[in-house]
Amino acid sequence: MSPILSIEQLAITLRGDLRVVDDVSLEVPEGEIVGIAGESGSGKSMTASALLGLLPDRSVTAGQAWWRGGREPVDLLTLDQRSWNRVRGREIAMVFQDATASLHPMLTVGTQITEHMRVHLKMSRRAARARAIELLDRVRIPDPEGALRSYPHQFSGGMRQRVAIAAALACEPRLLVADEPTTALDVTVQAGILRLLEELRIESGLSVLFITHDLAVLAALTTHAYVFREGRVIESGPTEALLFHPEHDYTKTLVAARPQADDWDDPEPVAGATA
Amino acid sequence: MLGSVLLGFLVRRAIITVVLLVGVTLVSFLLIQAVPGDTMSATLSEQALQDPEIVAAYRERWGLDQPLYVQYLVYMRNLLQGDLGVSQQTGRPVLDDLLTYVPATLELALPAMVLSLVIGVAVGLYAAVKHDRLGDHAVRAGTLVGLSTPPFWLALVVLYVFFFLLGVSPSGGRLSTWIVPPEQVTGSVVLDAALEGRWDVAWDAVQHTALPILVLTVLTVAMLVRFVRSAMLEVLDADYVRAARAKGLPGSRVLTAHVLRAGMVPVITVSGLAFASLLSGTVLVEQIFSWPGVGQYAYRSATALDLPAVLGVSLFVAVVYTAVNLVVDLAYGLIDPRIRLS
Ligand SMILES: Nc1ncnc2c1ncn2[C@@H]1O[C@H](COP(=O)(O)OP(=O)(O)O)[C@@H](O)[C@H]1O
Ligand SMILES: [Mg+2]
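Note that the structure is predicted; figures quoted are calculated from it, not measured. (Residues numbered from 1 in each chain as written. Chains lettered and ligands numbered in written order. Predicted model: local features only at pLDDT ≥ 70, side-chain atom pairs only at ≥ 80, totals over all residues. Heavy atoms only, no water.)

Engineer: Talk me through the overall build of chain B; I want residue IDs and the actual numbers.
Structural biologist: Scanning chain B from N- to C-terminus turns up 16 helices and zero strands. Counting only C-alpha atoms, chain B reaches 80 × 60 × 40 Å along its principal axes. Across the 342 residues that make up chain B, the buried fraction comes to 46%. In chain B, once contacts between residues fewer than 6 apart in sequence are set aside, the share between residues at least 24 apart is 69%. Per element, the accessible surface of chain B, about 17200 Å² overall, is 70% carbon and sulfur. Here chain B contributes 21 positively and 24 negatively charged side chains, and the mean placements of these two sets differ by 18 Å. (Helix = DSSP H or I, 4+ residues; strand = E, 2+ residues; numbered from the N terminus. Buried < 20%, exposed > 50% of the residue type's maximum accessible area, 1.4 Å probe, protein only. Contact = heavy atoms within 4.5 Å. Areas by Shrake-Rupley, 256 points an atom, 1.4 Å probe, with all protein chains shown as cover. Lys, Arg positive; Asp, Glu negative; His and termini not counted. Charge placed at Lys NZ, Arg CZ, Asp CG, Glu CD.)

Engineer: Give a description of the sheet that holds strand 4 (residues 60-67) of chain A that names residues and reports values.
Structural biologist: Residues and elements named next belong to chain A. An order of 2-1-4-5 is seen for the four strands of this open sheet, with the pairing classed as antiparallel. Only two strands of the sheet have a single neighbouring strand rather than two, namely strand 2 (18-28) and strand 5 (74-75). Judged from the seven bridges that link them, strand 1 (residues 5-14) and strand 4 form a sheet pairing that is antiparallel. Bridge assignment links Glu8 to a residue of strand 4, and that residue is Gln64. (Pairing = 2+ DSSP bridges.)

Engineer: Kindly report on the pairing of strand 3 (residues 33-37) of chain A, identifying the contributing residues and their values.
Structural biologist: Residues and elements named next belong to chain A. Among the five residues that make up strand 3, five are buried, leaving the element largely enclosed by the rest of the structure. Residue alternation in strand 3 divides its side chains into two sets, Ile33, Gly35 and Ala37 and Val34 and Ile36, and both sets are buried. In the sheet, strand 3 pairs with strand 8 (residues 207-211) via four bridges, with the strands oriented parallel. Directly across from Gly35, in strand 8, lies its bridge partner Phe210. Note: strand 3 against strand 9 (residues 224-229), four bridges, orientation parallel. Paired with Gly35 across the two strands is Ala225, which belongs to strand 9.

Engineer: Explain the environment of B:Glu53 to me, using residue names and the numbers behind them.
Structural biologist: Residue and element names in this part refer to chain B. Examined against the element boundaries, Glu53 turns out to sit in helix 4 (residues 52-62). Take Glu53: its relative accessible area is 67%, and that puts it in the exposed class. Sequence spacing of Glu53 and Asn78 is 25 residues, and the spatial spacing of their C-alpha atoms is 20 Å.

Engineer: Explain the side chain of B:Asp192 to me, using residue names and the numbers behind them.
Structural biologist: All names here are of chain B. For Asp192, the position within the fold is in helix 9 (residues 189-195). Of the side chains with opposite charge, Arg174 comes closest to the buried, unpaired Asp192, at an N-O distance of 6.9 Å. Dropping the residues within four chain positions of it, Asp192 is found in contact with Pro182, Glu183, Gln184, Val185, Thr186 and Gly187. (Salt bridge = Lys/Arg side-chain N within 4 Å of Asp/Glu carboxyl O.)

This is the structure we're talking about:
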């Protein structure tokens, strides 16, 4: 079966001729969690942005990004505005690194979870609310009904990220692009969110492209991973092989920088990989 | 629970406002004291000063034989009863003067403010969305012209064009001279005429407001646009706007529900200041359009050293700024739950 997303030789040039991603090829098979690792500034977020048409103004892309999660395969890099609004949020959803910044501070949680359901799925206000309560329950927010009327600042950081995930899942997307969703959170909260993603994958066949600079998270969550450096994929393969038998020197440095290289299930943050 | 938090917010703002207003009266009272020489000789005319009866009545009324704090209490008592003294120039109570001049100013300031907000926000948002492209540059050029145009010059130009060249506008005043003005109820000639069902008169009054409102609007819009643009630019860059786009919301919904909502917070402050200055400082425009508003009253009182009138106007301006401040704060609370719920 062909992968639900295949990126072929993606290159991204920002205004001012700044090449931030170069010759990146990457696949996400349906129902799998695929990881992208790499130090900050290596082009991970830019790649994610390209998949949602959210690159900065006047960026230029080359290559293709074939999306097979809709009615027919489309190249995401060539979509027009109207097609984007069908794909975004509905077929591909995104979770950002900082939930505090990615939730609107002045709109209720209820509005932020339901507004795109009402647009995409033409749901009534009441039906959307009912589904929102289910979603909040699913991501384990206590008192979902009360939460709908609350504002983001009334929640803790971990809860906010759960709200953001609930909003991303609202229209039952096929692919979730998660750009370092747990970096800002503490270890226990992070473990809970990783478990949630794994459950969603098993239960609803959600595919996930998970970006992190934390190799422990990569090992705990993903089956397949890509290592980015300076806008290029320098190594890729099954996560375990990649981390236990790195071929590339850069990956070896990343792995060596991790304090306990033998305990991969422990989702502790890796200080050395942050760079 | 939400209701009681909200109520607490309102009560806090109301208390702050009362404290501010008391402060304002104190300052205005001390200003009277600070006037060199006898406050009496500054407030009473030469002729009145010769009359011992008037002088005695004056001392009695303002408690001038009493210590300072008693004088302040007397001043406050008079103030609360609406007694702001008598204008030397018009010979009428200052309060009555204000009640005729303020509505005239409001009749221009309110529509000008509403128009400016609508136009300023729309154009500013447009410029922000077109960031650094042709539309943005065009708007910048336009606002630059607007900002560097002196108000009186703009007023003269529109008068020249619409009155002298095109003949579609009256030259000034609130009503055509041959019309008997309506009874003063609201103080707005347009509304009062409408209340009497004299629609032709109301229309005539509307035509008289058109040019001054145009001038005030152009000036206010020019100031607002730059501000709105930079506020919106900042919001357009925010993660939550990217997140809204990532949800596949239509662009119009992203702009209205997400961008405008957040970008309005700083805009409200400037709008408040703009409105306060429209209410208190449009002397030149009022002068050119022979508009009997607060600006003209203040100008004439100041040049005639009419102390009670000047103090009355100062008090009015202070009250305007305090009230606008309150409305701005309430609007903040309305827009931003982080302020309302903390
Ligand atoms: N808005 C932008 N304008 C210009 N350069 C940017 C912008 N955003 C990111 N970059 C640059 O693009 C490169 C890749 O950034 P990014 O994809 O965010 O890295 P990562 O997510 O891997 O940390 C970096 O060198 C960064 O400095
Ligand atoms: Mg990043």
